[in-house]
Amino acid sequence: GLGDLTGQLTTILGGLFTPSFIDSLKYIIPLVLVLMILTFIGYSLVAGILASVTTNTEDFQQVQTPIILIVLLGYYLAMMAGAFKGSVIINILGYVPFLSAILSPSLLVMGEFSVVDVLISIGLMGLTIFILIKYGLKVYKVGILNYSSNGLWKKMFKALKGN
């Protein structure tokens, strides 16, 4: 009855919230928050840069799709990380910017990643933001004032070359 259910729930929660896990939250939560904020800034930069080159809804949806696919890939990899514990590919993808915000916390909690690994992910995301700002501003400057609707990707590469 209800007593059995309560006992099972207490056992599950007692196993989940061990004192060592509670202590590890002191450094897991700040690291995850920093990684999430940096990744949010990165996604915002990518979306802004790509949106500056679009002139109509169809073009915007064309450049928005890769962003959504990357988010979904990170989500599904984080879900599969527990099933494929110790997978080298999943561990490597935990460092990849934009995927790391979703995947690294899962790997950290499972013990596959250390604090150093998460700091590497944070550093790589910071480097990605720097590169997006450096080269993305060129694309943004050209794209925001260009209202021609032909050659979406051609406009972006032309802006990167500086012509």
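Scoring rules and cut-offs
- Residues numbered from 1 in each chain as written.
- Predicted model: local features only at pLDDT ≥ 70, side-chain atom pairs only at ≥ 80, totals over all residues.
- Heavy atoms only, no water.
- Helix = DSSP H or I, 4+ residues; strand = E, 2+ residues; numbered from the N terminus.
- Buried < 20%, exposed > 50% of the residue type's maximum accessible area, 1.4 Å probe, protein only.
- Contact = heavy atoms within 4.5 Å.
- Expected span 1.5 Å × (residues − 1).
- Bend = angle between axes of the 7 residues up to and from the residue.
- Phe/Tyr/Trp six-rings, centres within 6.5 Å; stacked < 30°, edge-to-face > 60°.
- Patch = residues over 30% accessible without salt bridge, like charges linked within 9 Å, V, L, I, M, F, W, Y side chains within 5 Å.
- Areas by Shrake-Rupley, 256 points an atom, 1.4 Å probe, with all protein chains shown as cover.
- Salt bridge = Lys/Arg side-chain N within 4 Å of Asp/Glu carboxyl O.
- pLDDT = per-residue confidence, 0-100.
- Axes fitted to C-alpha atoms, helices over the stretch in contact; angles between N-to-C directions.
- Parallel < 35°, antiparallel > 145°, perpendicular 65-115°, else oblique.
- Nonpolar A, V, L, I, M, F, W, Y, C, P; charged D, E, K, R; others polar.

Asks: Would you take a moment to explain the side chain of Thr39 for this structure?
Replies: Of note, Thr39 is situated in helix H2 (residues 19-53). What makes Thr39 buried here is its relative accessible area of 3%. Setting aside chain neighbours within four positions, we find Thr39 in contact with Phe98, Ala101 and Met125.

Asks: Whenever I open this one, helix H5 (residues 100-110) confuses me. Can you help?
Replies: One full turn of an α-helix is made of 3.6 residues, so residues set three or four places apart face in the same direction. Listing the buried residues of H5 in full gives Ser100, Ala101, Leu103, Ser104, Pro105, Leu107 and Leu108. At the exit of H5 stands Gly111, carrying a positive phi of roughly 90 degrees.

Asks: Help me out: how do you make sense of helix H3 (residues 57-80) in this one?
Replies: Between the first and last C-alpha of H3 there are 34 Å, a value that for 24 residues agrees with the 34 Å anticipated at 1.5 Å per step. In the structure, H3 departs most strongly from a straight axis at Gln64, where the bend amounts to approximately 30 degrees and where the proline Pro66 lies between one and four residues downstream. Among the residues making up H3, those that are buried are Asp59, Val63, Ile67, Gly74, Leu77 and Ala78.

Asks: So what exactly am I meant to see when it comes to the packing of aromatic side chains here?
Replies: To describe a pair of aromatic rings, you give the distance between the ring centres and the angle between the ring planes. The tally for this structure, following the rule as stated, stands at 3 aromatic pairs. On the numbers, 4.8 Å between centres and 50 degrees between planes, the contact of Tyr43 with Phe98 is tilted. Of this pair, Tyr43 sits in helix H2 while Phe98 sits in the loop between helix H4 (88-93) and H5, and the two are 55 residues apart along the sequence. Tyr43 sits in the buried class, given a relative accessible area of 17%. Among the residues examined, Phe98 registers a relative accessible area of 13% and is labelled buried.

Asks: It is not clear to me how a nonpolar patch on the surface should be interpreted in this structure. Could you clarify?
Replies: A cluster of nonpolar side chains, namely Ile68, Leu69, Leu72, Tyr75, Tyr76, Met79, Met80 and Phe84, defines an oily patch on the protein surface of about 800 Å² accessible area. As for its position among the elements, Ile68 is in helix H3.

Asks: Where do I start with the confidence of the model for the chain in this structure?
Replies: For any part of a model where pLDDT is low, the fine detail of the predicted coordinates should not be relied upon. With 83% of its residues at a pLDDT of 70 or more, the chain has an overall mean of 83. Ranking the elements of the chain by mean pLDDT puts helix H7 (residues 152-161) last with 68 and H4 first with 93.

Asks: What is the right way to look at the side chain of Ser100 in this model?
Replies: Inspection of the secondary structure puts Ser100 in helix H5. Residue classification places Ser100 among the buried residues on the basis of a relative accessible area of 0%. Setting aside residues no more than four positions away along its own chain, Ser100 makes contact with Leu35, Leu93, Gly94, Tyr95, Pro105 and Ser121.

Asks: What should I look at first to understand the packing of H3 against H5 in this one?
Replies: For any two helices packed against each other, the geometry is given by the interaxial angle and the distance between the axes. In contact at an axis separation of 8 Å, H3 and H5 are set at 10 degrees when each is read in the N-to-C sense. Classified by the angle their axes make, H3 and H5 are roughly parallel. Two secondary-structure elements touch here, H3 through Val71, Gly74, Tyr75, Leu77 and Ala78 and H5 through Ile102, Leu103 and Ser106. Partitioning the contact of H3 with H5 into residue classes produces 6 nonpolar, 2 polar and no charged.

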